[in-house]
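Analysis of the macromolecular model
Below, each chain spelled out in residue letters.
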Amino acid sequence: MRPHQGGNQRRLIGVISINGAGGHTGRSGKVERLRANPKVSFAVTEALGLLTSDFSSGPCQDTQWGRSVLIRGLAAEIKLPERKLLVLNKIIAKYDPAALANPESEKMAPEAIMDQPGFQACLVVEIKVSQMTARRHLLDDKPEKYRRTVAAHFQRLGQETGRQRDLKSAILINQRL
């Protein structure tokens, strides 16, 4: 997800599943609990390289490098059909742009889409962000020589294994040198 700056207000355009598995809430009561208590929080994490015990020493020998963002706010259901359609189209444009170019969907008037049972059953929630904190673990507190050694280690690992997260770790550490 990427933040969109609009004035002083931060907005995220993306999809967040209520139950972590595609957004199908069924009869679990999650939507009702969300409506009763709109306070929400969620984290977006990016796991990068993993330094294993063969590289580091100490009581916690394996270290996961990465970045994360913790977001807190208030959730509100978007009920106005025109606004709901606008938000859904933005989400579709981001995650499945080919669906918007489908000749069948291009022929449908907005009113016809809003009359579809699937559209009416779809819950769209806006989160008004009240707090956003970020964390990164990219060796900023370590000496330059150590950071260079770790970056070279991740570069080598990435080339040997093809793991993109190791290559990305090397790039991010090198950018901070």
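Okay, so let's go over this structure.

When you go through the protein chain residue by residue, the secondary structure sums to 8 helices and 5 strands. When the 177 residues of the protein chain are sorted by exposure, 24% land in the buried category. Long-range pairs, those at least 24 residues apart, make up 65% of the contacts in the protein chain between residues at least 6 apart in sequence. Of the accessible surface of the protein chain, which amounts to about 12,200 Å², a share of 52% is contributed by carbon and sulfur atoms.

This part is about the sheet that holds strand E3 (residues 39-51). Spatially, the 3 strands line up as an open sheet ordered E3-E4-E5, and their pairing is antiparallel. Each edge of the open sheet is held by one strand with a lone partner, namely E3 and strand E5 (125-137). Between one strand and the next, the sheet's axes are offset by a mean angle of 15 degrees, whatever the strand orientation. Pairing of strand E4 (residues 63-77) with E5, which is carried by 12 bridges, proceeds in the antiparallel orientation. Each residue of the ladder has a partner; that of Arg72, found in E5, is Gln131. This element, helix H7 (residues 144-161), spans E3 and E4 of the sheet and lies at about 85 degrees to E3. Contacts between helix H8 (residues 164-175) and the sheet are confined to E3 and E4, with E3 contributing the most and set at about 90 degrees to the helix.

What follows covers the pairing of E4. Summarising the sheet, E3 and E4 pair through 11 bridges and their orientation is antiparallel. Counterpart to Val44 in the pairing with E4 is Val69.

The next subject is H8. Over its 12 residues, H8 extends 16 Å from the first C-alpha to the last, a length consistent with the 16 Å expected when each residue adds 1.5 Å. Of all the positions in H8, only Asp166, Leu167, Ser169, Ala170, Leu172 and Ile173 are classed as buried. Elements in contact with the buried residues of H8: E3, E4 and H7.

Attention shifts here to the nonpolar core. Leu48, Leu51, Trp65, Leu138, Leu139, Val150, Ala151, Phe154, Leu157, Ala170, Leu172 and Ile173 form the largest nonpolar core, which has 12 residues in total. Counting residues per element, this core draws most heavily on H7, which supplies 4 residues. The next biggest cluster of nonpolar side chains, apart from the first, holds 8 residues, and it includes Leu88, Met114, Phe119 and Val124.

Turning next to the environment of Lys79. Assignment of secondary structure puts Lys79 in the loop between E4 and helix H2 (81-95). Residue Lys79 is classed as exposed on the basis of its relative accessible area, which comes to 64%. Note: C-alpha distance between Lys79 and Gln120 (41 residues apart in sequence) is 9.6 Å.

Considering all chains together, one arrives at 7 salt bridges under this definition. Its salt-bridge partner being Glu126, residue Lys128 comes within 3.8 Å of it at the nearest N-O pair. Where salt bridges share partners, they join Glu46, Arg67 and Lys168 into one cluster.

This part is about the side chain of Asp166. You can see Asp166 is positioned in helix H8. One polar contact links Asp166 to Arg163, side chain to side chain, over a distance of 2.7 Å. Not counting chain neighbours up to four residues away, the residues in contact with Asp166 comprise Gly49, Leu50, Phe154, Leu157, Gly158 and Thr161.

Look at H7: 25 Å from first C-alpha to last across 18 residues, which is about the 26 Å you get at 1.5 Å a residue. Looking at the buried residues of H7, the elements they touch are E3, E4 and H8. Directly after H7, the chain includes Gly162, whose backbone phi takes a positive value near 80 degrees.

What counts and what doesn't
Sequence positions are assigned chain by chain, starting from 1 and proceeding in written order. Predicted model: local features are reported for residues with pLDDT of at least 70 only, side-chain atom pairs are reported and counted for 80 or more only, and whole-chain, interface and lining totals are derived from all residues. To get the side-chain values, all heavy atoms of the structure are used, and hydrogens and water are removed first. What counts as a helix is a DSSP run of H or I of at least four residues, what counts as a strand is a run of E of at least two, and both are numbered from the N terminus. For every residue, the accessible area (1.4 Å probe, protein chains only) is compared with the maximum for its type, and the residue is labelled buried under 20%, exposed over 50%, or partly exposed between those bounds. Residue contacts are counted whenever heavy atoms from the two residues lie within 4.5 Å of one another. Under the convention used here, a 1.4 Å probe and the Shrake-Rupley method define accessible areas, while residue burial counts only the protein chains that appear. Only strands that DSSP links by at least two bridges are regarded as paired with each other. To obtain each axis, a line is fitted to C-alpha atoms, and for helices this fit is confined to the stretch in contact; angles are then taken between N-to-C directions over 0 to 180 degrees. Here the expected length of a helix is defined as 1.5 Å per residue gap, with one fewer gap than residues. What is meant by a nonpolar core is a set of buried Ala, Val, Leu, Ile, Met, Phe, Trp, Tyr and Cys residues, joined one to another through side-chain atoms within 4.5 Å. Here, a salt bridge means any Lys or Arg side-chain nitrogen found within 4 Å of an Asp or Glu carboxyl oxygen. What qualifies as a polar contact is a pair of N or O atoms within 3.5 Å, subject to a donor-acceptor requirement within protein and to the restriction that residues adjacent in sequence count only when both atoms come from side chains.

Function cannot be inferred from these measures alone, as they are strictly geometric.
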